[in-house]
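This is what each chain is made of:
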Amino acid sequence: MSLKDEFATRNFSIYGQWLGILSMILCFALGIANLFNLFGHFLLIIFSILALVSCFIILFVEVPLLLRICPTSAAFDAAIRKVSTNYMRAAAYGVMAAVQWISLAVAVSSLVAAAVVLTFTALCYVLAGVKGQAFVGSKTLGGAGVAQMIV
C-alpha cells in the first residue's frame with residue numbers, strides 16, 4: 001500500500017500519525033530556534049526544552065521500529081507501548097499541545113506553530129476513536145509488518 005493509498009482510506013489514525021511526524025519536526029526545529037533566543041524570557045527556554053523532549057517522545061511513539069533498534073530501558077519501552085490506542089495518543093498529544101499553548105502566557109513565540117499542529121494531531125486521534133476506527137500504522141513509518149521483517 002502506497003502513501004497515497006493510505007491517505008485514501010480516510011482513517012484518521014493515519015492522518016494523526018503523519019501529523020505527528022510533522023509535529024515532531026516542528027517541535028525539534030522550533031525548540032532549537034527558541035532555545036537560542038537571546039532576547040527571550042528565561043521560561044521560554046524551559047518550554048523550548050519541553051518541545052525538544054516532546055519531539056523525541058513523538059519519535060518513539062510514531063515510529064515503533066525504533067523501540068527495537070535503539071537501546072532503551074524496559075521502563076521507557078513499557079511507557080511508550082502504553083500509548084498505543086487512539087485515545088491514549090490523543091491524550092498524549094493533548095498534553096504536549098497544552099504545554100506549548102501555556103508557553104504563550106510567558107511570551108508569544110514561534111512555539112505556537114507546534115501547539116497548533118499538536119492540537120490538530122490530537123483531534124485526528126480523537127476523531128479516529130470516536131468513529132471507531134482501529135489504529136492503523138503507516139507502512140512507511142514501520143507499521144503493518146515491517147518490524148517483523150527485521151527481527
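Residues numbered from 1 in each chain as written. Predicted model: local features only at pLDDT ≥ 70, side-chain atom pairs only at ≥ 80, totals over all residues. Heavy atoms only, no water.

Participant: Residues and numbers for the overall build of the protein, please.
Facilitator: Scanning the protein for helices and strands turns up eight helices and zero strands. Counting helices and strands in the order they occur from the N terminus, the protein gives α-α-α-α-α-α-α-α. As displayed, the protein has an accessible area near 8100 Å², and 76% of this comes from carbon and sulfur atoms. (Helix = DSSP H or I, 4+ residues; strand = E, 2+ residues; numbered from the N terminus. Areas by Shrake-Rupley, 256 points an atom, 1.4 Å probe, with all protein chains shown as cover.)

Participant: Break down the pattern of salt bridges for me, with residues and values.
Facilitator: In total, this model carries one salt bridge according to the counting rule given. Across the salt bridge formed by Arg89 and Glu62, the nearest N and O atoms sit 2.9 Å from each other. Of this pair, Arg89 sits in helix 6 (residues 86–106) while Glu62 sits in helix 3 (residues 42–62), placing them 27 residues apart in sequence. For the pair shown, Arg89 and Glu62 are each scored as buried. (Salt bridge = Lys/Arg side-chain N within 4 Å of Asp/Glu carboxyl O. Buried < 20%, exposed > 50% of the residue type's maximum accessible area, 1.4 Å probe, protein only.)

Participant: Can you lay out the confidence of the model for the protein for me, pointing to particular residues and giving the numbers?
Facilitator: Segments scoring low in pLDDT should not have their predicted coordinates read at a detailed level. Looking at the protein, pLDDT values average 83 and 83% of them are 70 or higher. Contacts for the low-pLDDT stretch residues 145–151, under 50 throughout, to residues beyond four places or in other chains number six contacts. (pLDDT = per-residue confidence, 0-100. Contact = heavy atoms within 4.5 Å.)

Participant: Explain the packing of aromatic side chains to me, and be specific about the residues and the numbers.
Facilitator: For the coordinates displayed, the defined rule picks out four aromatic pairs. Relative to Phe56, the ring of Phe28 has its centre 6.4 Å away and its plane inclined at 85°; by these criteria the two rings are edge-to-face. Of this pair, Phe28 sits in helix 2 (residues 12–35) while Phe56 sits in helix 3, and the two are 28 residues apart along the sequence. Both rings, one in Phe60 and one in Phe76, keep their centres 5.2 Å apart while their planes meet at 85°; by these two values the pair is edge-to-face. You can see Phe60 sitting in helix 3 and its partner Phe76 sitting in helix 5 (residues 74–82), a full 16 residues away along the chain. We classify Phe60 as buried; its relative accessible area is 12%. Take Phe76: its relative accessible area is 28%, and that puts it in the partly exposed class. (Phe/Tyr/Trp six-rings, centres within 6.5 Å; stacked < 30°, edge-to-face > 60°.)

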